[in-house]
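The primary structure of each chain is shown beneath.
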Amino acid sequence: MTEREFDALFRDIAEQGLSITDGLLPADLIDGLYREALHAWQAGRFSPARVGHSRQPQRISAIRGDTIMWLDSASGSPAQERFIDWSERLRNALNQNFYLGLQRTEFHYARYDAGRGYARHIDQHRGQPHRRITLILYLTPDRRPDDGGELCLYRPEEPEREWLRVAPERGRLVLFRSELIPHAVLPARRPRWSMTGWFRNDGILLQAA
Ligand SMILES: O=C(O)CCC(=O)C(=O)O
Ligand SMILES: [Fe+2]
């Protein structure tokens, strides 16, 4: 496929800092990612997500209630490899279109248990100035309309008023400018599965001592 596949997505990002797309990734890839996440979670490989400054992150489940597992290129599962190949094509296309100088990506699986959500936030604020584009890909199988866990989006110039409410339907892809768009996850009523990550404009991670 040519980069034309990203045209509509880039137009939306240019116009409103945000794009929401269904069906861009093949269903069997979505399923492969979900199965990998499920097995890893069953094997106890997810950890509670943390909030706050990157040097001293804290677990505050009333603010952020998901458990996560970072993707690891060394693990090299077929689903991860396919996803990473696709995300690299997207990274290159984003650079060609928006001159963002995106050098790398980071992704984690996330699982929100019933009752868990994520309070309104901006992704750049957690001591993460190099996050430029946020990607969220929803993986939950057989989601029902009353399962909760909607993503709420707010306009940068009017952050108090809800702008859009997005149901986390399997295969739905949300991309937005990390420094611009406040967002929140409403409490889930059934387990909610996703992939979340960032396109970054820095190189190799320099870990703070
Ligand atoms: O899963 C979502 O809909 C949003 C997750 C999120 O905001 C984050 O992980 O920073
Ligand atoms: Fe976020």
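Note: the structure precedes this text.
Residues numbered from 1 in each chain as written. Chains lettered and ligands numbered in written order. Predicted model: local features only at pLDDT ≥ 70, side-chain atom pairs only at ≥ 80, totals over all residues. Heavy atoms only, no water.

## A closer look at empty space enclosed by the protein
Link 1 in the chain: Applying the stated criterion across every chain, the model contains two cavities of 30 Å³ or more.
Link 2 in the chain: By volume, the largest cavity is sized at about 160 Å³.
Link 3 in the chain: As for the largest cavity, its lining consists of 19 residues, and the residues nearest its centre are Tyr112, Tyr118, Ile136, Val185 and Thr196.
Link 4 in the chain: Taken together, the elements giving at least two residues each to the lining of the largest cavity come down to β4 (104-112), β5 (118-121), β6 (131-138), β10 (183-185) and β11 (192-200).
Link 5 in the chain: Here the lining of the largest cavity takes four residues from β11, the largest share from any one element.
Link 6 in the chain: Looking at side-chain class alone, the lining of the largest cavity contains eight nonpolar, six polar and five charged residues.
Link 7 in the chain: Of the pockets and cavities examined, the second largest cavity occupies roughly 40 Å³.
Link 8 in the chain: Contributing to the lining of the second largest cavity are Thr140, Arg143, Asp147, Gly148, Pro168, Arg190, Pro191 and Arg192.
Link 9 in the chain: Taken together, the residues that form the lining of the second largest cavity break down as two nonpolar, two polar and four charged. (1 Å grid on protein atoms, 1.4 Å probe; cavity = no way out; pocket = protein on both sides within 12 Å on 5 of 7 lines; lining within 4 Å. Points joined across faces, edges and corners; volume = space filled by probe spheres on them. Helix = DSSP H or I, 4+ residues; strand = E, 2+ residues; numbered from the N terminus. Nonpolar A, V, L, I, M, F, W, Y, C, P; charged D, E, K, R; others polar.)

## Some details on the site of ligand 1
Link 1 in the chain: Lining the immediate surroundings of ligand 1 are 13 residues, of which His121, Asp123, Tyr138, His183 and Arg192 lie closest.
Link 2 in the chain: Here an oxygen atom of ligand 1 sits 3.1 Å away from a polar atom, N or O, in the side chain of His121.
Link 3 in the chain: The separation between an oxygen atom of ligand 1 and a polar side-chain atom of His183 is 2.9 Å.
Link 4 in the chain: Calculation on ligand 1 without its partners gives an accessible area of 300 Å², and the protein chains cover 100% of this total.
Link 5 in the chain: For the shell around ligand 1, the elements supplying multiple residues, two or more each, are β5, β6, β10 and β11.
Link 6 in the chain: When residues in the shell around ligand 1 are grouped by element, the largest group, three residues, is from β11.
Link 7 in the chain: Counted by class, the shell around ligand 1 contains seven nonpolar, three polar and three charged residues. (Near = heavy atom within 4 Å. Polar contact = N/O pair within 3.5 Å; in protein donor to acceptor, adjacent residues only side chain to side chain. Areas by Shrake-Rupley, 256 points an atom, 1.4 Å probe, with all protein chains shown as cover.)

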